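Overview (structure and organization)
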Amino acid sequence: MQLESKIPAGPLTQKWTKYRGDQKLVNPANKRKYTLICVGTGLAGSAASASLAELGYNVKTFCIQDSPRRAHSIAAQGGINAAKNYPNDGDSIWRLFYDTIKGGDFRAREGNVYRLAEVSADIIDQGVAQGIPFARDYGGLLANRSFGGAQVSRTFYARGQTGQQLLLGAYSSLSRQIATGKVKMYPRREMMDLVIVNGKARGIIVRNLITGEYESHAGDAVLLCTGGYGNVFYLSTNAESCNVGAAVKCWRKGALMANPCFTQIHPTCIPNSGDFQAKLTLMSESLRNDGRVWVPKKKGDTRRPNDIPESERWYYLEEKYPSFGNLVPRDVASRNAKYVCDAGHGVGPTGYAVYLDFSQAIQRDGKDVVQRKYGNLFDMYLNIVDDNPYETPMMIYPASHYAMGGLWVDYELQTTIPGLFALGECNFSDHGANRLGASALMQGLADGYFVIPYTIAPYLASIYGEAGSVTEDHPAFKETTKQVDALFKKLTSINGTRTPDSIHRELGKVMVDEVGMSRNEAGLKKAIDKIRELREEFWKNLRVPGSLNDYNKNVEKAHRVADYLEFAETLAIDALERAESCGCHLREESQSEEGEALRKDDKYCYVAAWEYKGFNQKPELHKEPLVFENVQLTQRSYK
Amino acid sequence: MSDTINITLKVWRQKGPGDKGHFETIPVKDVVTHMSFLEMLDTVNEQLALEGKDAIAFDNDCREGICGMCGCLVNGIAHGPMKAMTLCQLHMRKFSNGDTIAVEPWRARAFKVVKDLAVDRSALDKIIQAGGYISANTGGAPDANGLPIPMEIAEKAMDAAACIGCGACVAACPNASAMLFTSAKVSQLALLPQGRPEAAKRAINMMRTHDACGFGNCSNERECEAVCPKEIKITNIARLNREYIKASIGSDVM
Ligand SMILES: Cc1cc2nc3c(=O)[nH]c(=O)nc-3n(C[C@H](O)[C@H](O)[C@H](O)COP(=O)(O)OP(=O)(O)OC[C@H]3O[C@@H](n4cnc5c(N)ncnc54)[C@H](O)[C@@H]3O)c2cc1C
Ligand code: FES
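Source: prediction; values computed, not measured. (Residues numbered from 1 in each chain as written. Chains lettered and ligands numbered in written order. Predicted model: local features only at pLDDT ≥ 70, side-chain atom pairs only at ≥ 80, totals over all residues. Heavy atoms only, no water.)

Bringing the overall build of chain B into the picture now. A tally of regular secondary structure across chain B gives 8 helices and 7 strands. Overall size of chain B, expressed as C-alpha extent along the three principal axes, is 60 × 40 × 35 Å. By residue count, 60% of the 254 residues in chain B fall in the buried class. Counting contacts in chain B only where the partners sit at least 6 residues apart, residues at least 24 apart contribute 71% of the total. Here chain B displays about 10100 Å² of accessible surface, and carbon together with sulfur accounts for 52% of that area. Computed over 28 positive and 29 negative side-chain charges, the inter-centroid distance for chain B is 5 Å. (Helix = DSSP H or I, 4+ residues; strand = E, 2+ residues; numbered from the N terminus. Buried < 20%, exposed > 50% of the residue type's maximum accessible area, 1.4 Å probe, protein only. Contact = heavy atoms within 4.5 Å. Areas by Shrake-Rupley, 256 points an atom, 1.4 Å probe, with all protein chains shown as cover. Lys, Arg positive; Asp, Glu negative; His and termini not counted. Charge placed at Lys NZ, Arg CZ, Asp CG, Glu CD.)

Below, the structure written as structure tokens:
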């Protein structure tokens, strides 16, 4: 299979302009002949639905939650990047492009990333026009901060609720289009399969999560905006309903899954405190600006932290990385926390946590200053852990946070299935092997507001004569519904002894241990075997009580776990295949002499796109070589 | 660290909107006090599953107090006993050994019970669809800094915008009014200069829809403010009333 990225020719800075100038347009009067199906109402889905409806297309939009406003994007805290250069501190489109591509460790396409940087500024304009109350300075102009180690202040924010405000902005535009009737909104629906007619995406089958009914929806194109798969690790910072299901269904039907092993593990989360734990709460990374990370020097030391004398504390980051200290990049901080815990120095009830200590900052600056900076985070910690971080050090541990990998798309955000597009976190497009802080919100909104309205036009123009020609009574819908029904019947008839959650939790443990921050060949092979065993166990011993024709969380979870069990193996296979350290993950066999991550550009400078080959079959690898014409590939160094 | 308590849950079970519903008593042993309230319900459901029984239906998603999807009455109080906190953030250490805990869905004419603890809150979406937006199509927005907005105004707008749309205000109100919810959006947009052009129309249309959806009137009970997990202030309702009166007198929108 030849992967066509469709990056326009010409100089980098002119590609997007040229693309927009050259593309075919859909005549305004004809737009109303098309129906577009949009799955998901996060930043990507809400922005796309609203923008496409404004242009005149008919849009049908779906989400799992009871309201589109509750998509997982709502939880993003920190902020959104944009190359506005308001602070006059040297930012530019080029610099945002360069930081993003370098941050991604040179595993993303130049053309895509440059476009992202180009449209970033428009997002902020759009947000202000919608009434998003971004933070402002005394003069009434927008405030910026530096985020995630960036050297310029290009991050816009709305208190600690940036994702919420951006999503509510997009949701308000979506609501306006729902009121006009251009968008028909279907909440509490879960996409169960993609319907393909004559090789083109023509609709979806959804399950009504209240009644259990299967519904058919036909359209002229399908936009997948279903978010990331961080929950493959079971415990993550993602919301409960985040899943890989919709993407996996499209993968089974011929879309390719790209770079699934590129996942981000966030270093500062509140650690797991027991087997009942359902999620891990993210604590802002900014805490590392003033907190010092340490563990007891003695293994298995059970003393309270304040009883451990200074001389018996191991400030391992400061010791290992004297110049960056506690501010090393996310992946380095995460990895080293795992190492010291694996070696028996970890603290807390599970032995998988490290201390983040503010006593020095409090002594130096006073409690007031620390409180002003981190008060809300300290309160949140106190509520969850029941321990006062002003008096005893916090405990933190890394957790799965974001998926850079996802469905393979070309420059037009189209997958290898004609008419199927993927936007936001569910595609692989812009972050390479690592995403910079505050760039996911930017990408979701860029895709939805400013990219897809242009890039969907050539496809729609190409099927002009067929617009509206496939309807729900086409036999393909009945056929696909039958398959979906068979799957659910199978899931509920095993009658074994394990709940979906218990198997998911076990899968998560395998993924965290062997396919997480630090990987090696033997561990990955072991993980693949274990995932297969778990899959077997699942299909032999699952128990799903309750009815199929009802609001039933067990049913929802069961098929999501089934998809994770299949996807997880490909994630591990991708990790095994990529025998280099890159972006967020360390491949233990690929380290420099100082024991740091070593990228191998001669061998792995490509996008790994996996083709589904059937249940229990090894997927087939297709490579899209990455070509860099404008930037020099450099290795990171934080010593 | 791993203290446990034994509790008795009295949970509302209702098959659907047509069913009458009843309380079911479920003794729950060895609840780790570190659990959140929803994690406690998870373990109950896990147990019910192994016994082949139907899980207790409850809505939730983010489990960090921001999506607004969770919420029940816990011993009669929306989101439970803690101030400024959603149900998903409530921890079991706030309860004592031997406690009986009653858990019920939001009760309001405009919110039908979907199943057990889950209710239909789509009426809140309808209120937003009636005008909770600024009519700004994608593209063509002026530069974001073209319109300076005093910091205090932006902060006030942000206070109102923090609403998570959970519906606790409705559940707590003796009249099942959604005025706090509606006023938060009206205020946010009325405070900002971008929102002024449509302010009159917005207040009127959102209020009309509010009433049409079956929400009651506000009679200043302040119960909504007391349970709001985001501490949205009832001064927003005063602002909504001002906007509404202004609009009713001076405009041809009526
Ligand atoms: C705690 C946290 C904090 C973060 N903070 C930041 C930050 O400060 N800055 C930043 O840039 N990024 C941040 N991120 C990342 C960012 O929030 C996400 O990457 C981004 O919001 C994803 O948006 P999305 O539109 O792609 O998907 P989502 O917002 O996840 O939306 C997915 C949508 O798809 C629907 N859906 C999924 N599957 C199906 C299905 N099968 N059928 C029907 N509907 C389906 C869901 O209902 C939902 O509506 C953070 C992430 C987390 C977890
Ligand atoms: S689950 Fe999101 S607010 Fe409680």
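Don't stop here, the text continues.
The secondary structure content of chain A amounts to 18 helices and 21 strands. Taken over C-alpha atoms, the radius of gyration comes to 24 Å for chain A, in line with the 26 Å a tight globule of 639 residues would show. Principal axes of the C-alpha set define a box for chain A whose edges measure 75 × 65 × 50 Å. Long-range contacts, defined as pairs at least 24 residues apart, comprise 73% of the intrachain contacts of chain A with a sequence gap of at least 6. Of the roughly 21800 Å² of accessible surface on chain A, a fraction of 49% belongs to carbon and sulfur atoms. Positive and negative side-chain charges of chain A, numbering 78 and 75 respectively, have mean locations separated by a distance of 3 Å. (Rg over C-alpha atoms; globule rule 2.2 N^0.38 Å.)

Our focus in this paragraph is the packing of aromatic side chains. All names here are of chain A. In the structure shown here, the tally under the stated rule is 30 aromatic pairs over all chains. Between the aromatic rings of Y86 and F156, the centroid separation amounts to 6.0 Å while the plane-to-plane angle is 75°, which identifies the pairing as edge-to-face. Of this pair, Y86 sits in the loop between β3 (80-81) and α4 (93-103) while F156 sits in strand β4 (residues 155-156); the two residues are 70 residues apart in sequence, bridging distant segments of the chain. Ring geometry for Y449 versus F450: centroids 5.8 Å apart, planes at 55°, classification tilted. F450 sits in the buried class, given a relative accessible area of 9%. Grouped by ring-pair contacts, the aromatic residues W16, Y19, Y411 and Y454 constitute a single cluster. In this structure, R115 packs its charged tip against the face of Y411, placed 4.1 Å from the ring centre. The positively charged end of R578 is found above the aromatic ring belonging to Y606, 5.1 Å away from the centroid. (Phe/Tyr/Trp six-rings, centres within 6.5 Å; stacked < 30°, edge-to-face > 60°. Lys NZ or Arg CZ within 6 Å of the ring centre and 35° of its normal.)

Time to look at the domain arrangement of chain B. All names here are of chain B. Partitioning chain B into domains gives domain 1 (4-115) and domain 2 (121-250). Summarising the inter-unit geometry, the C-alpha centres of domain 1 and domain 2 are found 29 Å apart. Facing 21 residues of domain 1, the contacting portion of domain 2 comprises 20 residues. At the boundary of domain 1 with domain 2, total buried surface from both sides reaches about 1500 Å², with 61% on carbon and sulfur atoms. When the area that domain 1 buries against domain 2 is broken down by residue, the three leading residues are A84, A110 and F111, summing to 31%. Close ionic contact of R121 with D59 constitutes a salt bridge, the shortest N to O distance being 3.9 Å. (Domains from an automatic or database assignment. Buried area = accessible area lost by both parts, 1.4 Å probe. Salt bridge = Lys/Arg side-chain N within 4 Å of Asp/Glu carboxyl O.)

So, on to the pairing of strand β15 (residues 394-403) of chain A. Across a regular strand the side chains alternate sides, sitting on one face of the sheet and then on the other. Residues and elements named next belong to chain A. Summarising burial for β15: 10 of the 10 residues are buried, a large majority. Direction of pairing for strand β14 (residues 354-357) relative to β15: antiparallel, over a ladder of 3 bridges. If you follow L356 over to β15, its bridge partner there is M394. (Pairing = 2+ DSSP bridges.)

Attention now moves to the sheet that holds strand β1 (residues 4-13) of chain B. Residues and elements named next belong to chain B. Here 5 strands make up an open sheet; going across it, the order is β2-β1-β5-β3-β4 and the pairing mixed. Where the open sheet ends on each side, the last strands, each with one partner, are β2 (22-32) and β4 (77-78). Inspection of the sheet shows strand β3 (residues 73-74) paired to strand β5 (residues 100-104) by 2 bridges, in the antiparallel sense. Across the sheet, residue V74 finds its bridge partner in β5, namely V103.

All names here are of chain A. The strand order across the open sheet built from 4 strands is β16-β10-β20-β21, with neighbouring strands paired in antiparallel fashion. Among the strands making up the open sheet, the edge pair consists of β16 (406-407) and β21 (620-625). As paired strands, strand β10 (residues 257-258) and β16 are joined by 2 bridges and run antiparallel to one another. Across the sheet, residue A258 finds its bridge partner in β16, namely G406. Helix α17 (residues 553-577) rests against β10, β20 (606-611) and β21 of the sheet, and its axis sits at about 145° to β20. (Axes fitted to C-alpha atoms, helices over the stretch in contact; angles between N-to-C directions.)

Taken together, the contact between chain B and chain A spans 74 residues of the former and 73 residues of the latter. Taking both sides of the interface into account, the surface hidden between chain B and chain A amounts to around 6300 Å²; carbon and sulfur atoms contribute 51%. By the criterion of area lost to chain A, the three top residues of chain B are B:D61, B:T138 and B:M158, representing 11% of everything that side buries. The interface formed by chain B and chain A contains 9 salt bridges.

A word on the site of ligand 1. Residues and elements named next belong to chain A. Around ligand 1 sit 37 residues in total, of which Q65, S73, G78, M191 and E425 are the nearest. At a separation of 3.0 Å, an oxygen atom of ligand 1 approaches a polar backbone atom of I64. Contact distances for ligand 1 include 2.6 Å between an oxygen atom and a side-chain N or O atom of E425. If ligand 1 stood free it would expose 1000 Å²; the protein chains cover 97% of that surface. For the shell around ligand 1, the secondary structure elements donating two or more residues are α3 (43-55), β6 (189-197), β15 and α12 (440-455). Ranked by the residues each element gives to the shell around ligand 1, the list is headed by β6, at 3 residues. Split into classes, the residues belonging to the shell around ligand 1 amount to 16 nonpolar, 17 polar and 4 charged. (Near = heavy atom within 4 Å. Polar contact = N/O pair within 3.5 Å; in protein donor to acceptor, adjacent residues only side chain to side chain. Nonpolar A, V, L, I, M, F, W, Y, C, P; charged D, E, K, R; others polar.)

Residues and elements named next belong to chain A. As for its placement among the helices and strands, T268 is situated in strand β11 (residues 263-269). There is a polar contact of 2.8 Å between the side chain of T268 and the backbone oxygen of M283. Here T268 is in contact with L282, M283, S284, E285, R288, I396 and Y397, once residues within four sequence places are set aside.

Below, the discussion takes up the nonpolar core. By size, the foremost hydrophobic cluster in this structure holds 243 residues, and its most contacted members are A:I80, A:L223 and A:L460. Per-element tally for this core: the top contributor is α17(A), with 12 residues. If near-sequence neighbours (up to four positions away) are discounted, A:L223 is found in contact with A:I37, A:C38, A:V39, A:A48, A:L52, A:F421, A:L423, A:I452 and A:I456. Residues B:M40, B:I56, B:F58 and B:V103 belong to the second largest nonpolar core, which totals 30 residues. (Core = buried A, V, L, I, M, F, W, Y, C linked by side-chain atoms within 4.5 Å.)

All names here are of chain A. Across all of its chains, the model carries 0 disulfides over all chains by this definition. Free of any disulfide, C426 has its nearest cysteine sulfur in C225, 6.3 Å distant. Using a relative accessible area of 3% as the deciding quantity, one classes C426 as buried. Unpaired in terms of disulfides, C582 finds its nearest cysteine sulfur in C261, a separation of 8.1 Å. (Disulfide = S-S within 2.5 Å.)

Quick look at the pattern of salt bridges now. Residue and element names in this part refer to chain A. What the rule picks out here adds up to 72 salt bridges over all chains. For R560, the salt bridge is made with E190, and the minimal N-O distance between the two is 2.8 Å. Placement of the pair is R560 in helix α17 and E190 in strand β6, with a sequence separation of 370 residues. By relative accessible area, R560 is classed as buried at 8%. Here E580 makes a salt bridge to R578, at a shortest N to O gap of 2.7 Å. We note that E580, like R578, is buried. Beyond isolated ion pairs, a larger network of salt bridges with shared partners links D105, R107, R578, E580, R599 and D601.

Residues and elements named next belong to chain A. Helix length check: helix α16 (residues 521-541), at 21 residues, gives a terminal C-alpha distance of 30 Å against a target of 30 Å (1.5 Å per residue), a fit within 8%. Turning to α16, its buried residues are G523, L524, A527, I528, I531, L534, R535 and F538. End-on, the buried residues of α16 take up no more than an arc of 140°, which puts them together on one face. For α16, the exposed residues set more than 90 degrees away from the buried face come down to A522, E533, E536 and K540. Tucked into the core, α16 has its buried residues touching α14 (475-492), α15 (500-515), β18 (518-519), α17 and β19 (586-587). For α16, the N-terminal cap is N520; the gap from its side-chain oxygen to the backbone nitrogen of A522 is 3.3 Å. (Expected span 1.5 Å × (residues − 1). Arc of directions from axis to C-beta.)

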